[in-house]
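Architecture at a glance
Here's the letter readout for the chains.
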Amino acid sequence: MGRSSTAQERLLDAAGDLLHTRGYSAVGVAEICARAEVKKGSFYHFFASKQTLTLAAVDAHWTQQRQVWQTLLGTPGRPPLERLRHLLDAQAAAQRADKAGGGSVRGCLLGNLALELSGREPEIQTRLAEIFDEQAALVQGVLAEAAATAPVAADTGTARAVVAQLEGAVLFAKLADDPARLDGLWPAVQRLVRSD
C-alpha cells in the first residue's frame, strides 16, 4: 500500500532519468514503468500518455533547477556578474559530476529534448520554449543589475545569447563526452555581455 502512494513520483523520477540519458524516442512507457516499478495500468491512472508524463518530468526538472538559478543569481552581497559566473560554474560542475558518476556527459535534459523534438510534439516544444524564456529573463535581471555600474548589455537578446552560449557549450561537452569543453564558458559569456 505504501509503495502505491509514491508511484507518481517514481514515474516522474524514472522518466526524467531515462529521457535525460536516452531521449524521448528511445524510451517507452513500459520501460519507464519497469524502472519505476509501477504497473502499466497504474501509469495511466497518473498520466494520459508518454507526452503528458514528459511534460510533467520537464516541469519537475525545471522546478528544481529554477530554485538553483534563483538562488545563485540572487545571492545577496555578491556582485551581479560574479553571481552569473557562479551559475555557469555550477552548470559546468553538474556536467563534470554527471561524467564522474555515470560515465558520460548527458548534457541538459531541456536542451536535449528541444533538439530531439524540433518540429514534433508541439506541446513539449512550447513548454521548453517557455522555460528557456524564463531562464533568459533570470539572466537579464542579473545583467540589468550589473549594467547599473558596468558597461554590460542587459537587453533580451544578450540574455538569450548567454543561455544559448551555456546550452551550446553543454552540447559540445556532450558531443565530445568531455566536460572540459565547458572550461571556456565564462570568458565567452564575458565577451557576449560587454557593451563597450
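The rules behind each value
Residues numbered from 1 in each chain as written. Predicted model: local features only at pLDDT ≥ 70, side-chain atom pairs only at ≥ 80, totals over all residues. Heavy atoms only, no water. Helix = DSSP H or I, 4+ residues; strand = E, 2+ residues; numbered from the N terminus. Rg over C-alpha atoms; globule rule 2.2 N^0.38 Å. Contact = heavy atoms within 4.5 Å. Areas by Shrake-Rupley, 256 points an atom, 1.4 Å probe, with all protein chains shown as cover. Core = buried A, V, L, I, M, F, W, Y, C linked by side-chain atoms within 4.5 Å. Buried < 20%, exposed > 50% of the residue type's maximum accessible area, 1.4 Å probe, protein only. Phe/Tyr/Trp six-rings, centres within 6.5 Å; stacked < 30°, edge-to-face > 60°. Lys NZ or Arg CZ within 6 Å of the ring centre and 35° of its normal. Expected span 1.5 Å × (residues − 1).

A few points about the overall build of the protein chain
- Counting its secondary structure elements, the protein chain contains nine helices and zero strands.
- Taken from the N to the C terminus, the helices and strands of the protein chain come in the order α-α-α-α-α-α-α-α-α.
- Taken over the C-alpha trace, the protein chain has a radius of gyration of 18 Å; the compact-globule value for 196 residues is 16 Å, and the two agree within 12%.
- Taken over the C-alpha atoms alone, the protein chain extends approximately 60 × 35 × 30 Å along its principal axes.
- Restricting the contact set of the protein chain to residue pairs at least 6 apart, pairs at least 24 apart contribute 63%.
- Of the roughly 9900 Å² of accessible surface on the protein chain, a fraction of 54% belongs to carbon and sulfur atoms.

Description of the nonpolar core
- If you look at the biggest cluster of nonpolar residues, it comprises 55 residues, and the most contacted ones within it are Leu-11, Ile-32, Leu-84, Leu-110, Val-139 and Val-189.
- Contributing elements (two or more residues each) for this core: α1 (7–22), α2 (29–36), α4 (50–73), α5 (80–102), α6 (109–116), α7 (122–147), α8 (156–176) and α9 (185–193).
- Top contributing element to this core by residue count: α7, with nine residues.
- If we ignore the near neighbours within four places in the chain, the residues touching Ile-32 are Leu-11, Ala-14, Ala-15, Leu-18, Val-27 and Leu-53.

Some words on unusual backbone geometry
- Look at Glu-121: it is not a glycine, yet its phi comes out positive at around 50°.
- By the secondary structure assignment, Glu-121 is in the loop between α6 and α7.
- Looking at Glu-121, the relative accessible area reads 22%, which means it is partly exposed.
- Positive phi is not limited to glycine here, since Asp-177 has a value of about 50°.
- Looking at where Asp-177 falls in the secondary structure, it is placed in the loop between α8 and α9.

Re the side chain of Gln-95
- For Gln-95, the location among the structural elements is in helix α5.
- For Gln-95, a relative accessible area of 8% corresponds to the buried category.

Structural notes on the environment of Ala-161
- Its location among the elements puts Ala-161 in helix α8.
- Among the residues examined, Ala-161 registers a relative accessible area of 26% and is labelled partly exposed.
- Residues Ala-161 and Pro-187, spaced 26 residues apart in sequence, show a C-alpha to C-alpha distance of 14 Å.

As for the packing of aromatic side chains
- Taken as a whole and judged by the stated rule, the model has three aromatic pairs.
- With centroids separated by 5.8 Å and ring planes inclined at 45°, the aromatic side chains of Phe-43 and Phe-47 adopt a geometry described as tilted.
- By relative accessible area, which is 4% here, Phe-47 ends up buried.
- Joined through ring pairs, the aromatic side chains of Phe-43, Tyr-44 and Phe-47 make up one cluster.
- Positioned above the aromatic ring of Tyr-24, the side-chain terminus of Lys-50 is 4.1 Å from the ring centre.

Some points on α5
- Between its terminal C-alpha atoms α5 stretches 33 Å, which fits the 33 Å expected from 23 residues at 1.5 Å a residue.
- Of all the residues in α5, the buried ones are Pro-80, Arg-83, Leu-84, Leu-87, Leu-88, Gln-91, Ala-92, Gln-95 and Asp-98.
- Where α5 is buried, its residues contact α4, α7, α8 and α9.
- After α5 finishes, the residue Gly-103 shows a positive phi value of roughly 90°.

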